[in-house]
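Working through the structure, step by step
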Amino acid sequence: MMGSPVKVDIAIIGGGIAGLWTLNQLRNRGINAVLFEQNALGSHQTMGSQGMIHGGIKYALSGAWSGSSEAISAMPAIWRSCLQGEGKVDLRDCKVLSEDFYLWSHTGLTSRVSSFFASKMLRGRVEKLARADYPEPLRSPQFKGQAYRLVDLVLDVPSLVATLAGQHADAIFQIDWSRASLTARDRQAVISGDGWELQAQQFILTAGTGNEALVAALGGSEPAMQRRPLQQVFMKHQYQAPFYAHCTGGSASPRLTISSHRTSAGEPVWYLGGDLATEGADMEPQQLIARAREEIAELLPWIDFGPCQWRTLRLDRGEPRQSALLRPDSAFVGAVDSVDNALVAWPTKLSLSPNLANEIDQALSRRGVTPGLAGDLGPLQDLGRPDIAPAYWDTLFS
């Protein structure tokens, strides 16, 4: 028997970085928001992130300041404000892996890009380093390229997810879509479960690639989604120095991106992305690992890594559909076409999560959403709470 419906201001579906950040920002300003996650918090795309909070400098490798660079340029400062407890979301408990991020060239940047990095436009964003200030992996006399320090920083993603989840744990629920359903009724989205129903002023879909199925469940077709695949490489080794850097190549994107992590047993792991991951998206894992070995051997031949273990991870990035599958320039929020109370949201990259939450705030304001009375969440308590997803550098080597 169905009791009285549970009523909330906002129902968020999807417990990755987009949903968790949005939940925190909305509840911090008095909005009665709840979040539903089918699997573990941070599953898939969020835990697959390298944790880099970047300001778009890597997109300037073509020698131009692009639209994507403009949209993302303010993000490191906003994240740092939150890490100090002074932003819209409190990240003081989040672990920072590195306050510094580097860019290095294998053989030297072209004069055009080098002069662009030195221009007034990028002043304060890029610092050309003296050799004495190079990160440890580049201090070998064999290294003949150039090294720069960027404004970017790197966060421990499992710590980030735990920090966001912990502050509003009472508003986060596990949902089993085999026992509950998202449907449209009179152009209103609702969730129905065993003996309960949830109604909301607005639903926000933040489930990454899962948004496609959620829109379809509501009978909608817009906003349309695209999947941009990549296959990243994990390298577990015995070299102890951490490294957080992009290596420039011949394209406008990094040839190789390296971030350093440690397994729960303290073993160092380098997580490899960049062109390696995008160009290798459809390769067989062993083929891509062979290519990664060659890249590391060519770019950092002076490092003795000791015995290494290798794994790969395939991920699909869910994004709003673009012509020719281009990378979107900024966070996206759009209305589901089949109902009047649902928005679809994709941050498109970890760095843009604050930008996404601000866009959601503005969209909710345009739709007239204001804080209502706190509803009784009692009927939802039997759903239980989702766990936090484990780090891939643990699960893949277990």
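Residue positions are given per chain, counting from 1 as you read along its sequence in written order. A pLDDT threshold of at least 70 governs which residues receive local features in this predicted model, and a stricter bar of 80 or more applies before side-chain atom pairs are shown or counted, although totals over entire chains, interfaces and linings include all residues. Hydrogens and water are ignored here; the side-chain numbers use all heavy atoms of the structure.

**Description of the nonpolar core**
In globular proteins that are soluble, nonpolar side chains generally tend to be buried together. What counts is decided by this rule: To define a nonpolar core, start from buried Ala, Val, Leu, Ile, Met, Phe, Trp, Tyr and Cys residues and group those joined through side-chain atoms within 4.5 Å. The classification of residues rests on relative accessible area computed with a 1.4 Å probe and restricted to protein chains. Under 20% of the type maximum is buried, over 50% is exposed, and intermediate values are partly exposed. For the domain bounds, the source is a domain assignment made automatically or taken from a database. Any two residues having at least one pair of non-hydrogen atoms within 4.5 Å are treated as being in contact.
Judged by nonpolar contacts, the single largest core of 84 residues is most densely connected at Phe 36, Leu 91, Leu 198 and Phe 203. When residues of this core are sorted by domain, at least three fall in each of domain 1 (6-46 + 159-226 + 321-397) and domain 2 (97-156 + 227-317). For Leu 91, the residues in contact, after removing those within four places along its chain, are Trp 21, Trp 79, Cys 82, Leu 83, Leu 160, Thr 163 and Leu 164. Within the second largest apolar cluster, 29 residues are counted, among which are Tyr 134, Met 235, Cys 247 and Leu 299.

**Brief notes about the pairing of strand β13 (residues 225-236)**
Quick reminder of the rule: Helix and strand definitions here come from DSSP, where helices need a minimum of 4 consecutive H or I residues and strands a minimum of 2 consecutive E residues; each element is numbered from the N-terminal end. Pairing between strands is defined by DSSP: at least two bridges between the two strands are required.
Of all the 12 residues making up β13, 10 are buried; the element is thus mostly covered by neighbouring parts of the structure. Inspection of the sheet shows β13 paired to strand β17 (residues 309-320) by 12 bridges, in the antiparallel sense. In the sheet register, Arg 227 faces β17, and the bridge partner there is Gly 318. Note: β13 against strand β16 (residues 268-273), four bridges, orientation antiparallel. Paired with Lys 236 across the two strands is Val 269, which belongs to β16.

**Overview of the sheet that holds strand β3 (residues 52-53)**
Filter applied, for reference: Only C-alpha atoms enter the line fits that serve as axes; for helices the fit covers just the stretch in contact. Angles between N-to-C directions range over 0 to 180 degrees.
Judged by pairing direction, the sheet is antiparallel, and its three strands sit side by side in the order β3-β8-β4 without closing on themselves. Sheet topology places β3 and β4 (96-98) at the edges, where each strand pairs with a single neighbour. Two strands pair when backbone bridges link them, and β3 and strand β8 (residues 153-155) are joined in this way by two bridges, in the antiparallel orientation. What sits directly across from Ile 53, in β8, is Leu 153. The strands that helix α3 (residues 75-83) touches are β3, β4 and β8; relative to β8, the one it contacts most, it runs at about 50 degrees.

Coordinates in, geometry out; function isn't part of it.
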